[in-house]
Amino acid sequence: MLSRQGIISKEQAAKILTALKDAEDIGSGFGGETLATALLDGDEDLASLTILGRTLQEPMSRLQCRDLLLNIIDEMALALETTLDTAERHRDVVMSGDTHMAHGQASTYAAYLVAIHDSFARGTEQLELAYKHTNLNSGGCGSVAGTGLPVDRNLITTFLGLDGLVEPCYDCEPSQDYALTSLFALTNIMTTMSRFALDHEIWGSDNVGIISVKSTWMGTSSYMPQKAHPGTAFERLRIPANKAIGGMFTGLLAMKDEPYQDVLPIYGSYQALFGAGYNSVQAMHTYTLLLPDIIPKKDVMLKKASEGFCGATDLALALIRQKGYGPRRAHRITGTMIRLARERGMNAIQVTGDLLDEAAESLGEPHPGLSTQEILDALDPVKSVMQRHTNTGDPNPNEVIRMIDARRKQLAELRSRQTARRENIQQATDKLNAEIVDICGGEAKGPLTDKRSDSQEQSH
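In this text, all values refer to a predicted model and were calculated from it rather than measured experimentally.

So, on to the overall build of the protein chain. For the protein chain, the helix and strand inventory stands at 18 helices and six strands. Taking 2.2 N^0.38 as the reference for a compact globule, 460 residues should give roughly 23 Å; the C-alpha atoms of the protein chain span a radius of gyration of 30 Å, well beyond that estimate. In the protein chain, buried positions account for 48% of the 460 residues. If you average the places of the 45 positive and of the 59 negative side-chain charges in the protein chain, the two averages end up 7 Å apart.

What follows concerns the pairing of strand S2 (residues 102-108). Two faces make up the sheet, and in a regular strand the side chains alternate between them. As judged from the six bridges shared by strand S1 (residues 94-99) and S2, these two strands associate in the antiparallel manner. Across the sheet, the residue bridging to Gly97 is Gln105, located in S2.

Let's shift gears to the packing of helix H5 (residues 109-134) against helix H8 (residues 177-203). In contact at an axis separation of 7 Å, H5 and H8 are set at 165° when each is read in the N-to-C sense. In this view, H5 runs roughly antiparallel relative to H8, as classed from their interaxial angle. The two elements H5 and H8 meet at a crossing, and its hand is left-handed. Here the contact of H5 with H8 is built from residues that sort into 14 nonpolar, eleven polar and one charged.

With that settled, the discussion passes to a negative patch on the surface. A grouping of Asp41, Asp43, Glu44 and Asp45 is seen on the molecular surface, where their side chains present a negatively charged patch. Along the chain, Glu44 falls in helix H3 (residues 44-47). Given the relative accessible area of 52%, Glu44 is considered exposed.

What the rule picks out here adds up to seven aromatic pairs. Arranged with centres 5.9 Å apart and planes meeting at 75°, the rings of Tyr270 and Phe274 form a pair that is edge-to-face. Placement of the pair is Tyr270 and Phe274 together in helix H10 (residues 268-290), with a separation of four residues, close to one helical turn. Phe274 sits in the partly exposed class, given a relative accessible area of 29%. Among the aromatic side chains, those forming a connected cluster through ring pairs are Tyr109, Tyr112, Phe120, Phe196, Trp203 and Tyr287. Lying over the aromatic face of Tyr131, Arg421 brings its terminal NZ or CZ to 5.3 Å of the ring centre.

Further remarks concern helix H9 (residues 231-255). For H9, which comprises 25 residues, the first-to-last C-alpha distance of 37 Å matches the rise-based estimate of 36 Å (1.5 Å per residue) to within 8%. Taken from the residues just after H9, Asp257 is the one with a positive phi, measuring 65°.

What follows is about the confidence of the model for the protein chain. The predicted coordinates should not be examined in detail at positions where pLDDT is low. Per-residue pLDDT for the protein chain averages 91, and the proportion of residues at 70 or more is 93%. Put simply, helix H18 (residues 454-459) is where the protein chain has its lowest mean pLDDT, 39, and H5 is where it has its highest, 98. Low confidence marks residues 443-460, where pLDDT is under 50. Its contacts with residues over four positions away, or in another chain, come to 33 contacts.

Residues Tyr109, Leu127, Met190, Phe196, Phe234, Tyr287 and Ile294 are the most contacted members of the largest nonpolar core, which totals 70 residues. Mapped onto this core, the elements with two or more residues apiece are helix H4 (60-89), H5, H8, strand S5 (211-213), H9, H10 and helix H17 (397-440). Other than its neighbours up to four places away in sequence, Tyr109 contacts His90, Val93, Met95, His200, Trp203, Leu291, Ile294, Pro296 and Met301. Listed in part, the 22 residues of the second largest apolar core include Met337, Leu356, Ala359 and Leu379.

Cut-offs applied
- Residues numbered from 1 in each chain as written.
- Predicted model: local features only at pLDDT ≥ 70, side-chain atom pairs only at ≥ 80, totals over all residues.
- Heavy atoms only, no water.
- Helix = DSSP H or I, 4+ residues; strand = E, 2+ residues; numbered from the N terminus.
- Rg over C-alpha atoms; globule rule 2.2 N^0.38 Å.
- Buried < 20%, exposed > 50% of the residue type's maximum accessible area, 1.4 Å probe, protein only.
- Lys, Arg positive; Asp, Glu negative; His and termini not counted.
- Charge placed at Lys NZ, Arg CZ, Asp CG, Glu CD.
- Pairing = 2+ DSSP bridges.
- Axes fitted to C-alpha atoms, helices over the stretch in contact; angles between N-to-C directions.
- Parallel < 35°, antiparallel > 145°, perpendicular 65-115°, else oblique.
- Left-handed = near helix turned anticlockwise from the far one by under 90°.
- Nonpolar A, V, L, I, M, F, W, Y, C, P; charged D, E, K, R; others polar.
- Patch = residues over 30% accessible without salt bridge, like charges linked within 9 Å, V, L, I, M, F, W, Y side chains within 5 Å.
- Areas by Shrake-Rupley, 256 points an atom, 1.4 Å probe, with all protein chains shown as cover.
- Salt bridge = Lys/Arg side-chain N within 4 Å of Asp/Glu carboxyl O.
- Phe/Tyr/Trp six-rings, centres within 6.5 Å; stacked < 30°, edge-to-face > 60°.
- Lys NZ or Arg CZ within 6 Å of the ring centre and 35° of its normal.
- Expected span 1.5 Å × (residues − 1).
- pLDDT = per-residue confidence, 0-100.
- Contact = heavy atoms within 4.5 Å.
- Core = buried A, V, L, I, M, F, W, Y, C linked by side-chain atoms within 4.5 Å.

Written as structure tokens, this is what we have:
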């Protein structure tokens, strides 16, 4: 850009670009103007031309965060796909959908997983917003008021594959809030990840035992030889999730109570994103490998759901629709029947029509007169899921499959947007390299050259 605008000569640009190519070959280590001076045989005047119109980290921090976000979104796409695949495989696994750590209504494991998917998907939408806020050009901003040189900031935008410009020069350095947007998105995703993990650790405990995992995931103990349980696997999900959430607090505190200026503490926000991003990727990678190896104990789930009164709401509904009770009266009669059953050591498959009539009589209500079979049908979790709960979003397997199919289309659109983002960057890189060739001649390559092979990029 400096060469194009006549701010430096083509000869100066060629020397600097050649030095930057050498710096790229060197790889990791301390870079910037200091390294350029060394590569230019100590010519500080020439090396210092690289900082005209910009300060230290902008827009380099944005480029680093952009690459990180692209990789995180790729990991999220894989996690979303795995969740949908697993949900489809378990669409007819009936279980109790719990509220307040107790049986709520009959549901399916697949319906639970679709809910987890949608929470992840909302976080991924936030990540895409974070990418939009990140992939902007802040170069050529000076400090807060631009530079007296005739820079072309839009040209920098084009050559770096950025989607737009942080237009107010005052906003380029002080803002840094694109990192907070990323951290908040990761916090939402990792919070759901932690909650998912805790659910499954409880479900896999000896005292509950409705899920297990393949033996390769079983936790052992250095002291207690009987230990072979799934809890450790889910704890290994919560550890990186907790660290990622901690990164959000670190990034937020780096910005809080700081002036809206270029000050050193605010750089802690994007630096916190690197650690949070690493831990999030670790958690998502573990999740993607672990989820298909979770084994729902279908028979145990159904037994507990059948015995645990998770069909009580359906029984109350039967009283409303078949016997004309008002909703609150039907709720009260059903609840009283279940209290009486529990006091007498009865579970849901042991209640009778007489017990329901007794409950109604104790409340001064007329006998409902439902037969024992009618009550058992109303409390049956399988009939609840398969026959009665068939509205939009219900756990009925056909409805769950419809939701899964719709979400597969959304996932395809996400991946299409990811492809477009990478292609945009590659096209910009090609333009940049063509300019470098024009300035330097030969087969020169620029510092943005992507050295990864196609197969390596796919692996990300």
